[in-house]
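# Survey of secondary and tertiary structure
The residues making up each chain are set out below.
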Amino acid sequence: MVFSFFKKIAQKMPERPAAKPRGDSLPHPAKAASEAAPEAVPEVAPVSDANWDLDFSRDNTQPNGGYGIEIYEETDPFAEIAEHAAILYANGQDDAARVTLESSIRNNAEPGAIKLWAMLFDLLRLKGERAAFEALSLEFARVYERSPPSWDMESVSSKKAGHAVGGQVALQGVVAGDDPVFDDLLQALSSGSSRTLDLGRLAGLDAEASAKLAKLLNQARRRGLAWSVHGAEGLASRLSNRTIMGQAQGEPLWLLLLELYQYMGREAQFEEKAVDYAVTFEVSPPSWEGLKTPPLPAEEPVPEEAEAESVAAVLEGEILQGNLKEVARHLHEGEDCRLDFTRVTRLDFVSAAALVNLLKTAGASAVVIHHPNRLVAELMRVMGIDQVARVELSRH
């Protein structure tokens with residue numbers, strides 16, 4: 001898209017008449033007759049150093065065969081849309097961001113629009129809407145005649161969302177309802193086996209996964225099985241922020257949060273959220289029961305294949321209200337730092353601005369931000385984070 005900046009046709013200006021001399025300062029007559037008034041020179045506004053295309057073609061339609069000068073500014077027609085969607089998402093307006101992206105990509109096969117498709121794919125992953133994701137994949141393949149991204153890819157989690165080793169079950173990244181880890185938990189529930197759930201690296205769950213996990217935890221607790229939950233503080237905090245009294249949506253998230261409070265022994269928080277749940281969904285509030293058996297002692301974390309990546313600062317969940325303590329403690333003056341954003345679901349506007357200042361003042365020699373989702377990455381570009389750190393995107 002080009003915008004005409006200005007067009008000016010050079011024309012010969014009329015001669016300016018000689019000024020009349022004052023009475024007592026008449027020049028010599030011969031000199032006055034021989035001097036002609038200088039030709040007026042038009043003033044031209046200065047042009048900035050922006051990237052312009054100049055057209056110096058001769059315009060024969062103008063008097064005296066003038067030369068036309070047209071200046072065009074080259075812009076990305078999709079940049080403003082991507083920026084708007086990223087800011088909406090950062091502010092928690094997920095539905096508005098989705099509408100913005102969907103309306104912009106409809107039947108749009110422009111190469112530059114692929115960024116918008118990628119942002120929408122990531123948004124659907126983050127929301128756990130697999131059916132909509134698959135429908136979008138079919139549309140993408142039809143429009144671009146190329147393979148669409150898959151649901152299970154590194155931008156969601158660099159490894160499987162859940163896996164079990166012995167009596168330990170680790171959930172990480174964004175877990176979908178069809179994850180095979182639920183088969184192991186269901187089998188353990190049926191056989192009365194003990195389980196230790198590690199939720200420390202869990203970024204989120206879709207609605208189906210939330211409902212399954214809440215039901216499994218509830219049944220194990222009621223039956224008095226030796227199940228234990230570790231690293232649930234971050235997940236509970238995110239669920240608490242998403243479950244708001246009066247907003248009757250995402251009921252599985254409410255139920256999961258209440259179960260986590262039971263396992264964590266947070267009775268006061270449970271009672272408060274139980275009342276909010278009852279008011280919101282117009283049901284009787286659940287009662288506090290706690291665990292019938294003492295929780296299992298904490299065990300060593302499950303070994304992972306990509307242990308080499310542990311040198312990076314692995315961040316997860318939503319980074320809100322400028323809370324960058326976890327980031328700051330990994331930044332050391334004169335040292336390189338790798339911030340793994342694979343499991344970060346959202347970065348709000350305040351935190352993005354704070355991150356720019358932190359990276360500028362921390363004194364780290366080089367900072368790499370690894371695999372943020374496309375919505376977060378676009379906000380980083382808008383805020384200039386990509387000017388103070390290298391942002392590595394996952395391959396779509």
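Scoring rules and cut-offs
- Residues numbered from 1 in each chain as written.
- Predicted model: local features only at pLDDT ≥ 70, side-chain atom pairs only at ≥ 80, totals over all residues.
- Heavy atoms only, no water.
- Pairing = 2+ DSSP bridges.
- Helix = DSSP H or I, 4+ residues; strand = E, 2+ residues; numbered from the N terminus.
- Axes fitted to C-alpha atoms, helices over the stretch in contact; angles between N-to-C directions.
- Contact = heavy atoms within 4.5 Å.
- Salt bridge = Lys/Arg side-chain N within 4 Å of Asp/Glu carboxyl O.
- Buried < 20%, exposed > 50% of the residue type's maximum accessible area, 1.4 Å probe, protein only.
- Right-handed = clockwise from strand over helix to strand, strands pointing away.
- Phe/Tyr/Trp six-rings, centres within 6.5 Å; stacked < 30°, edge-to-face > 60°.
- Lys NZ or Arg CZ within 6 Å of the ring centre and 35° of its normal.
- Arc of directions from axis to C-beta.
- Left-handed = near helix turned anticlockwise from the far one by under 90°.
- Nonpolar A, V, L, I, M, F, W, Y, C, P; charged D, E, K, R; others polar.
- pLDDT = per-residue confidence, 0-100.
- Parallel < 35°, antiparallel > 145°, perpendicular 65-115°, else oblique.
- Core = buried A, V, L, I, M, F, W, Y, C linked by side-chain atoms within 4.5 Å.

For the rest of this paragraph, the subject is the sheet that holds strand 9 (residues 336-347). Taking strand neighbours across the sheet as the criterion, the four strands line up as 8-9-10-11 in an open arrangement whose pairing is parallel. Strands with a single pairing partner mark the edges of an open sheet, and in this sheet they are strand 8 (313-319) and strand 11 (390-392). Here the average twist between neighbouring strands, direction ignored, is 25 degrees. Two strands pair when backbone bridges link them, and strand 9 and strand 10 (residues 366-370) are joined in this way by five bridges, in the parallel orientation. Residue Arg338 lies in a different strand from strand 10, and its bridge partner there is Val368. Running over the sheet, helix 12 (residues 349-361) touches strand 8, strand 9 and strand 10 and is turned about 175 degrees from strand 9.

On inspection of all chains with the given rule, the structure shows 19 salt bridges. Arg346 is the partner of Asp94 in a salt bridge, and the nearest nitrogen-oxygen pair spans 2.9 Å. Taken together, the positions of Asp94 in helix 3 (residues 94-105) and Arg346 in strand 9 put the pair 252 residues apart, joining distant regions of the chain. As far as burial versus exposure is concerned, Asp94 and Arg346 are alike and both buried.

Turning our attention to the pairing of strand 10. Buried residues dominate strand 10, accounting for four of its five residues. Crossover handedness for the path strand 9 to helix 12 to strand 10: right-handed. Looking at chain direction, strand 10 and strand 11 are connected through three bridges and run parallel. Its bridge partner lying in strand 11, His370 is registered against Glu392. The handedness of the strand 10 to strand 11 crossover, carried by helix 13 (residues 374-383), is right-handed.

Tallied over the entire structure, the rule returns ten aromatic pairs. An angle of 70 degrees between the planes, with centres 5.4 Å apart, marks the rings of Phe270 and Trp288 as edge-to-face. Of the two residues, Phe270 is situated in helix 10 (residues 267-281) and Trp288 in the loop between helix 10 and strand 8; the sequence distance between them amounts to 18 residues. Owing to a relative accessible area of 1%, Phe270 belongs among the buried residues under this scheme. We note Lys273 situated over the ring of Trp254; from NZ or CZ to the ring centre the distance is 5.2 Å. Lying over the aromatic face of Tyr89, Arg346 brings its terminal NZ or CZ to 4.2 Å of the ring centre.

Here the focus is helix 6 (residues 181-191). Among the residues of helix 6, Val181, Phe182, Asp184, Leu185, Ala188 and Leu189 are the ones counted as buried. Summarising the axial view, the buried residues of helix 6 lie within an arc of 155 degrees, below the 170-degree limit, and thus occupy one face. Exposed residues on helix 6 whose side chains face more than 90 degrees from its buried face are Asp183, Gln187, Ser190 and Ser191. Among the residues trailing helix 6, Gly192 stands out with phi positive, at a value near 75 degrees.

To continue, consider the packing of helix 3 against helix 4 (residues 114-127). Running from N to C, helix 3 and helix 4 point in directions that differ by 145 degrees, and their axes come no closer than 9 Å. Relative to helix 4, the crossing made by helix 3 is left-handed. Residues Asp94, Ala97, Arg98, Leu101, Glu102, Ser104 and Ile105 of helix 3 touch helix 4, and the partners they reach there are Leu116, Trp117, Met119, Leu120, Leu123, Leu124 and Lys127. Looking at the contact of helix 3 with helix 4, its residues break down into nine nonpolar, one polar and four charged.

Attention now goes to the environment of Val181. The residue Val181 is located in helix 6 in this model. Taking relative accessible area as the criterion, Val181 reaches 3% and is therefore assigned buried. Put simply, Val181 and Val169 are twelve residues apart on the chain and 7.7 Å apart in space, counted from C-alpha to C-alpha.

Our focus in this paragraph is the confidence of the model for the protein. Of all residues in the protein, 71% have pLDDT values of 70 or greater, and the mean over the chain is 77. Helix 13 holds the highest mean pLDDT among the elements of the protein, 95, whereas strand 1 (residues 2-9) holds the lowest, 41. For residues 28-34, every residue scores under 50 in pLDDT, and the model assigns this stretch one contact once sequence neighbours within four places are set aside. pLDDT under 50 marks residues 44-58. Its contacts with residues more than four places away, or in other chains, come to 28 contacts.

Time to look at the environment of Tyr89. Residue placement: Tyr89 occurs in helix 2 (residues 79-90). Its relative accessible area of 4% is what places Tyr89 among the buried residues. The sequence separation of Tyr89 and Leu375 amounts to 286 residues, and the corresponding C-alpha distance is 7.2 Å. Beyond its immediate sequence surroundings of up to four residues, Tyr89 is in contact with Asp94, Ala97, Leu123, Leu126, Thr345, Arg346 and Leu375.

It is worth spelling out the packing of helix 4 against helix 13 at this point. The interhelical angle for the contact between helix 4 and helix 13, taken along N-to-C directions, is 125 degrees, at an axis separation of 8 Å. Classified by the angle between their axes, helix 4 and helix 13 sit oblique to one another. For the pair helix 4 and helix 13, contact is made by Lys115, Ala118, Met119, Asp122, Leu123 and Leu126 and by Arg374, Leu375, Glu378 and Arg381, respectively. The residue makeup of the contact of helix 4 with helix 13, split by class, is five nonpolar, no polar and five charged.

Moving on to the nonpolar core. One recurring pattern in soluble globular proteins is that nonpolar side chains are buried together. Core analysis: the biggest nonpolar cluster contains 50 residues, and Trp117, Phe341 and Ile385 have the highest contact counts within it. When residues of this core are assigned to their parent elements, the largest contribution, seven residues, is made by helix 4. Non-local contacts of Trp117, meaning those with residues more than four positions away in its chain, are made with Ile105, Asn108, Leu136, Glu139, Phe140, Val143 and Tyr144. Residues Leu185, Ala209, Ala220 and Ala236 belong to the second largest nonpolar core, which totals 38 residues.

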